[in-house]
Amino acid sequence: MSDTSDFIIIGGGIVGLATAMTLSLRFPDKKIVVLEKEATLAAHQTGHNSGVIHAGVYYAPGSLKATFCRKGVAATIDFCTKHQVAYEQCGKLIVATTPLELERMHTLYERCQANGLNPIRLDEIALKEREPNIVGLGALYVDVTGIVDYPAMTRAMAQIVIENGGEIFNSTEVESIRETPHHVEIKTQNQHYICQNLIVCSGIQADRLARMAGIEIDFKMVPFRGEYYRLNKRHNDVVNHLIYPVPNPDLPFLGVHLTRMIDGSVTVGPNAVLGFSREGYPKGSINLRDVIEMVGFSGFWKLMFKNWRSGLAEFKNSLSKKRYLKLCQKYCPSLTLADLEPYPTGIRAQAVLNDGTLVHDFLIKRTSRMLHVCNAPSPAATSSIPIAEHLADMIVDGSNAEIS
């Protein structure tokens, strides 16, 4: 039995649902179908992130990250306002605790300005006035950063898709993809789908879906666990803003930070520990297929060789709650071990090239009838609506160019 559609989107995270929503609004007469292998939407990265509406502080000016993020902040807030999804623009402070970090903070200040933000530099006294429980030599204040419930956003997008006549099928895992000159065929365990255009937003499975579709790729997805703690509820008012350290430019991740959550709690994290299962969230999760593919990939070993010191440090921090606490006490010294309570882990889908280079920007590959979002790093959730608009533009344009 076959089901024919105009557009099929594989992936029920926020990027996939934003894409389906955008297409349903642009093409109200077209049939749109979303296929999601899990029983619920937003089951992976969308439902396991920090909930931050990123402002675009760290991204290279002119990159897709910077462009999408700047548009994404406004689009996210507008969407949440219209559809009654909880959000708050609480702002963020990037706190320098050493003279070297103060120097690095100046570079961040210039990048903020280049990305169209209006950062405010705070000295030690001004920082203490804003955040009595935070210590530092100075900070950058970025007011547009916020927090939101991304799974709730995803569900609201799904409702719009359904109201516009679209269909969403959960528990539907794709087993094969075949493109012909006239259509794309997708097979699942129980169904055979045909569509005019396929858009794949499959997160950490992006490399596998691309290969399944016959696309030649020069990367593999490598999972990095982002482990969090939640502070004891007596610390719900410990900070007024989001508190970030000044990142080390030699490392690919931002470091452990304090994040106010939309439910009123405060989380600490994430770290960035190599994972041994793409979708295994409990500590110690191992997936044999994932491990075999990873260790058989030359780019993985090149990445490990270049970053073994930071990787070892992250692994030690993961094993030792005391070491993790020290990362927090660097700027919030009042915290104790007893304050760190369990919180769900996230897994970052990171594309790694054959030469061991991390793909930092968005990577989109296309054929005549397919678009594959092959790398959608943070701030993908913040940027989901402009990413979706970009994908819809690519379909209308019909260009065969790859975007990276």
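Scroll up a little and you will see the structure.
Definitions and cut-offs
Residues numbered from 1 in each chain as written. Predicted model: local features only at pLDDT ≥ 70, side-chain atom pairs only at ≥ 80, totals over all residues. Heavy atoms only, no water. Core = buried A, V, L, I, M, F, W, Y, C linked by side-chain atoms within 4.5 Å. Buried < 20%, exposed > 50% of the residue type's maximum accessible area, 1.4 Å probe, protein only. Helix = DSSP H or I, 4+ residues; strand = E, 2+ residues; numbered from the N terminus. Contact = heavy atoms within 4.5 Å.

**Q** I'm lost on the nonpolar core in this one. Help?
**A** Taken as a class, soluble globular proteins show a tendency for nonpolar side chains to be buried jointly. Judged by nonpolar contacts, the single largest core of 47 residues is most densely connected at I9, L23, M153, M157, I199 and L391. Elements supplying a minimum of two residues to this core: β1 (2-10), α1 (14-26), β2 (32-35), α2 (64-83), α5 (150-163), β22 (370-375) and α11 (384-397). At 8 residues, α5 tops the list of elements feeding residues into this core. Apart from the residues lying within four places of it in its own chain, the contact partners of M157 are I14, L17, A18, M21, F79, S384 and I385. Ranked by size, the runner-up nonpolar core spans 24 residues in total, among them Y141, V238, V268 and C332.

**Q** Got a minute to help me understand unusual backbone geometry in this structure?
**A** Trans peptide bonds make up the majority, and among non-glycine residues the majority have a negative phi. Of note, the bond from G269 into P270 is cis; its omega dihedral lies within 30 degrees of zero at -5 degrees. Looking at the element boundaries, P270 is found in the loop between β17 (266-269) and β18 (273-274). For the peptide bond that leads from S378 to P379, omega is 20 degrees, which places it in the cis range. Note on placement: P379 falls in the loop between β22 and α11. Of note in the backbone geometry, Q84 takes a positive phi value of approximately 55 degrees without being a glycine. Looking at the secondary structure, you find Q84 in the loop between α2 and β4 (87-88). Residues other than glycine seldom take positive phi values, yet S171 does so here, at roughly 50 degrees. Its place among the elements puts S171 in the loop between β9 (167-169) and β10 (174-179). For S171, a relative accessible area of 54% translates into the label exposed.

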